[in-house]
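Structural description and commentary
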Amino acid sequence: MADLAELKSMIEAALPGAEVEVVDEGGGDHLRAIVTAPQFEGVSRIDQHRLVRAAVKARFDDGQIHALSITTRSQPAG
Amino acid sequence: MAVDPGLKEQVEAAIAQNPVLLFMKGTPEAPRCGFSMRVVGILDQLGVDYGAIDVLPALQPLREVTTELFEWQTFPQLYVNGDLVGGCDIIEEMLESGELGELLEVEQPADMQPPEAERILPGGSQTSPPMQLG
C-alpha cells in the first residue's frame, strides 16, 4: 500500500515550488498525482510526466505503486 | 539491462514507418486493456489511420526497449511522426484541449468525449495482431 503523503513529498522535493496532490482513486493501487509546477512551463506533456514519474521511481521499483495516473499543469500565470 | 538489439531495431523501424503508431495491449478489434481501448476509441473516432502493435506477446522485452529508447515503460504508447506523444492520460488531456486534433491534422469534433472503458473483451481468443514483433 503506497504512502500518499510520502509520494507527495517526493514529487515536491523533485519539483521545488510545485503544488502537488496525490489521491487514491480506488483500492490503494490506482493513484493519481495532480501536479502544478513552474518547471513545466515550455515543457512537452510527455516530459512533464517523465519528471513526475522520475520523482517517484523508487516506489515503482520497490513495487509499492503499480499504476500512477498523472495530471500536470504549468504554473498558472500571475 | 539487456535489451534485445533485434527487437530494438524492429521497434525503431515500426515507429519510423508509421506516421501514427500505437503500441497497445491487444488489437484495435479486441483491446485487452481499458487504457489501450480508450486510445483506440479516440483514434477511431477521429478517423485517423494508424498502425497498431500488440505488445502482449513480448511485453517485458518491449518494456525494456521503450524504456531505453524513450524512458517510458507503460502501454499504450502513441507515436506520431517518430515522437512518443504519451499514454492514455496524455492522449485524453490532449483530446480535451484540442491539441490532439491539431497534432494529427484532423478535425476534432467539438463535443467529442473519451470513450468509457466498458468494451474490454475478457480473455477472448486473440486475433492475430496487425503487426507482430519478436
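For the structure itself, consult the block above.
Right, let's walk through the structure included here. (Residues numbered from 1 in each chain as written. Chains lettered and ligands numbered in written order. Predicted model: local features only at pLDDT ≥ 70, side-chain atom pairs only at ≥ 80, totals over all residues.)

This brings us to the sheet that holds strand β1 (residues 19-24) of chain A. All names here are of chain A. Reading across the sheet, the three strands line up as β1-β2-β3 and stay open at both edges, with mixed pairing between neighbours. Both outer strands of the open sheet, β1 and β3 (67-74), are each paired with one neighbouring strand and no more. Taken over all neighbouring pairs, the strand axes of this sheet differ in orientation by 15° on average, direction set aside. Where β1 and strand β2 (residues 30-37) come together, six bridges link them in antiparallel fashion. Residue pairing in the sheet places Glu-21 in a bridge with Ile-34 of β2. (Pairing = 2+ DSSP bridges. Helix = DSSP H or I, 4+ residues; strand = E, 2+ residues; numbered from the N terminus. Axes fitted to C-alpha atoms, helices over the stretch in contact; angles between N-to-C directions.)

Let us look at the sheet that holds strand β1 (residues 20-24) of chain B. Residue and element names in this part refer to chain B. Strands sit in the order β2-β1-β3-β4 across an open sheet of four strands; the sheet is mixed. Every other strand in the sheet has two partners, leaving β2 (51-54) and β4 (83-86) as the edge strands with one partner each. Put simply, the sheet's adjacent strands are angled 25° from each other on average, direction ignored. Here β1 runs beside strand β3 (residues 77-80); their pairing, made up of four bridges, is antiparallel. Within β3, the residue paired with Leu-22 across the bridge is Leu-78. Taken strand by strand, helix α2 (residues 34-46) contacts β1 and β3, and its axis lies near 155° from that of β1. (Contact = placed C-beta atoms within 7 Å.)

At the interface, seven residues of chain B touch six residues of chain A. Mapped by element, the contributors of at least two residues to the side of chain B that touches chain A are β4 and α4 (88-97) of chain B. In terms of residue class, the side of chain B that touches chain A is built from three nonpolar, one polar and three charged. (Nonpolar A, V, L, I, M, F, W, Y, C, P; charged D, E, K, R; others polar.)

Our next topic: the packing of α2 of chain B against α4 of chain B. Residues and elements named next belong to chain B. Running from amino to carboxyl end, α2 crosses α4 at an angle of 30°, the nearest separation of the two axes being 9 Å. The angle between α2 and α4 places the two elements in the roughly parallel class. The two elements α2 and α4 cross, and the hand of that crossing is left-handed. Contact residues: Phe-35, Arg-38, Val-39 and Ile-42 in α2; Cys-88, Ile-91, Glu-92 and Leu-95 in α4. When the residues that make up the contact of α2 with α4 are grouped by side-chain class, the tally is six nonpolar, no polar and two charged. (Parallel < 35°, antiparallel > 145°, perpendicular 65-115°, else oblique. Left-handed = near helix turned anticlockwise from the far one by under 90°.)

What follows concerns the packing of helix α1 (residues 5-17) of chain B against helix α3 (residues 59-70) of chain B. Residue and element names in this part refer to chain B. Contact pair α1 / α3: the axes reach a minimum separation of 10 Å and the direction vectors enclose 65°. Classed by the angle they form, the pair α1 and α3 counts as roughly perpendicular. As α1 runs across α3, the sense of the crossing is right-handed. Every residue of α3 that contacts α1 at Leu-7, Lys-8 and Val-11 is listed here: Pro-61, Val-65 and Leu-69. Of the residues contributing to the contact of α1 with α3, the split by class is five nonpolar, no polar and one charged.

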